[in-house]
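Inside the fold
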Amino acid sequence: MIDTLEHRLKIQARSLGFELAGIAAAAQADGFDQFQDWLARDFAGDMSYLRRLAPARRHPAAILPDVRSVVMLGLNYYGAAPSAGEARIARYACGEDYHVVLRRKLNELLAWVQAEVPGARGRGVVDTAPLLERDFARRAGLGWFGKNTMLIHKRLGSFFFLAALLLDLDLHPDAPFEARHCGTCTACLDACPTQAFVGPYQLDARRCISYLTIELRGPVAEELRAGVGPWLFGCDICQDVCPWNRKAPWGREPALQPHADLEALDPAELVGITDAEFRRRFRGTALWRTKRQGLARNAALVLGNTAGIEALPALEAAAGDADPVVQEAARWAMARIRERAGTGG
Ligand code: SF4
Ligand code: SF4
């Protein structure tokens, strides 16, 4: 038993830094119908790539035609909450871009498999290919779906990345995780500042701060702006309040440790960031995804929600930005700050 390929593969995965490793048979994703329903209810908002590639999520064979097994891996990124004054960014975004880190490890793991089983074929997946990762992670025994829609592991909580290695090898699967350990808790549902949960296990991404600050191009709907609060990029609230994260261990991956540049984010400076400066500071980090427009817009919203009149000069300059989305967010923020300060329009 100890010397099986499955066992050695998991040891190898752990030596590469994946604290969780489990195996599921390649079969139709359990949650495909729910995913279709979620899309049909328009909860994905402008994430058109989800709709475009939806049929492919039915079965991992859409990614690797001869796939037989899905090795699901978890990499812990939990760390101290980064914060620059009032502005916050999600924990997962504090280090090097996780896609790069995970891809590197997946390539190493695949090379190891191919050395063990010459001719084996595989493909690593890090949320760039159409796979319902959480479904396969549950099936591979890694954890359960929390009411906040995250996969939760009893020891690690939910602050970990999921990655998959699809293989054309018949590996012995692990037992699926059948229990759910949320019980009567509703902390995540109650804490969401934008009421993005339409019910337990159901997220309307269009209201989620992660979607609004990362995925959405264009203006954030006015009624959701106050809820964005101090979040410049992403949101951790529904994970921070989860009791399963209270005792979660710190992640050990050096590449995911907070980047000095990301620990010192000043929204008053970011609201006026130039394209060149954005490229210089954020290429190779998760924040790259927002593009300059998104980050400057988010910085304006954060200032509008948290800053005092000292932020007005930066916002006045941003109100003259070439980008109308940034301009409008800056004007909104100035009005909010003046309202708070009682200085009128
Ligand atoms: S990430 Fe934040 S905004 Fe999104 S559902 Fe969780 S608490 Fe709500
Ligand atoms: S906060 Fe409570 S309900 Fe939400 S995922 Fe955690 S345990 Fe489940």
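In case you missed it, the structure is sitting above this.
Nothing here was measured: the structure is a model prediction, and the numbers come from that model.

Strand β8 (residues 160-167) sits mainly inside the fold: 8 of its 8 residues count as buried. With 4 bridges connecting them, strand β5 (residues 122-125) and β8 associate as antiparallel partners. The residue bridging G122 from the neighbouring strand is L167, located in β8.

Attention now moves to the packing of helix α13 (residues 291-306) against helix α15 (residues 324-341). In a packed pair of helices, the relevant descriptors are the angle between the two axes and the axis-to-axis distance. With their axes 8 Å apart at the nearest point, α13 and α15 run at an angle of 10 degrees to one another. One way to sum up the angle between α13 and α15 is to call them roughly parallel. Along the contact surface, α13 presents Q293, A296, R297, A300, L301, L303 and G304, while α15 presents V325, V326, A329, A330, W332, A333, R336 and I337.

Another aspect to go through is α13. Between its terminal C-alpha atoms α13 stretches 23 Å, which fits the 22 Å expected from 16 residues at 1.5 Å a residue. With 13 of 16 residues buried, α13 is to be regarded as a mostly interior element.

Here the focus is the site of ligand 2. Taken together, G146, K147, N148, C182, C185, T186, A187, C188, V241, C242, P243 and W244 form the complete shell of residues around ligand 2. When we break the shell around ligand 2 down by domain, the ones giving at least three residues each are domain 1 (5-79 + 96-167) and domain 2 (187-341).

Read across the sheet, 4 strands follow the order β1-β2-β8-β5 without closing on themselves; strand pairing throughout is antiparallel. Each of the sheet's edge strands pairs with one partner strand only, and the pair in question is β1 (20-25) and β5. Averaged over all adjacent pairs, the angle separating strand axes in this sheet is 20 degrees, with direction ignored. Taken together, the 8 bridges between strand β2 (residues 69-76) and β8 define a ladder with antiparallel strand orientation. Note on β8: the bridge partner recorded for M72 is A164. Lying over the sheet, helix α1 (residues 5-15) contacts β1 and β2, oriented at roughly 140 degrees with respect to β1.

A few words now on the nonpolar core. Ranked by internal contacts, the top residues of the largest apolar core, which has 110 residues, are M72, L73, A164, V271, A300 and L315. If you tally residues by element for this core, the top one is β8, at 8 residues. Mapping this core onto the domain boundaries places at least three of its residues in each of domain 1 (5-79 + 96-167) and domain 2 (187-341). The contact partners of A300, leaving out residues within four places of it in the chain, are V271, L315, A318, V326, A329, A330 and A333.

In the vicinity of ligand 1, the contacting residues are C192, T194, A196, L203, C208, I209, S210, C235, I237 and C238. Sorting the residues of the shell around ligand 1 by element identifies α7 (209-215) and α9 (237-240) as the ones contributing at least two each.

This paragraph deals with the pairing of β2. The element β2 is largely enclosed, with a buried count of 8 among its 8 residues. Neither face of β2 is open: one carries S69, V71, L73 and L75, the other V70, M72, G74 and N76, and all of them are buried. As defined by bridge partners, β1 adjoins β2 across 6 bridges and the pair is classed as antiparallel. The residue bridging G22 from the neighbouring strand is M72, located in β2.

How each quantity is defined
- Residues numbered from 1 in each chain as written.
- Chains lettered and ligands numbered in written order.
- Predicted model: local features only at pLDDT ≥ 70, side-chain atom pairs only at ≥ 80, totals over all residues.
- Buried ≥ 20, exposed ≤ 12 C-beta atoms within 10 Å, placed from the backbone.
- Helix = DSSP H or I, 4+ residues; strand = E, 2+ residues; numbered from the N terminus.
- Pairing = 2+ DSSP bridges.
- Axes fitted to C-alpha atoms, helices over the stretch in contact; angles between N-to-C directions.
- Parallel < 35°, antiparallel > 145°, perpendicular 65-115°, else oblique.
- Contact = placed C-beta atoms within 7 Å.
- Expected span 1.5 Å × (residues − 1).
- Near = placed C-beta within 6 Å.
- Domains from an automatic or database assignment.
- Core = buried A, V, L, I, M, F, W, Y, C linked by C-beta atoms within 7 Å.

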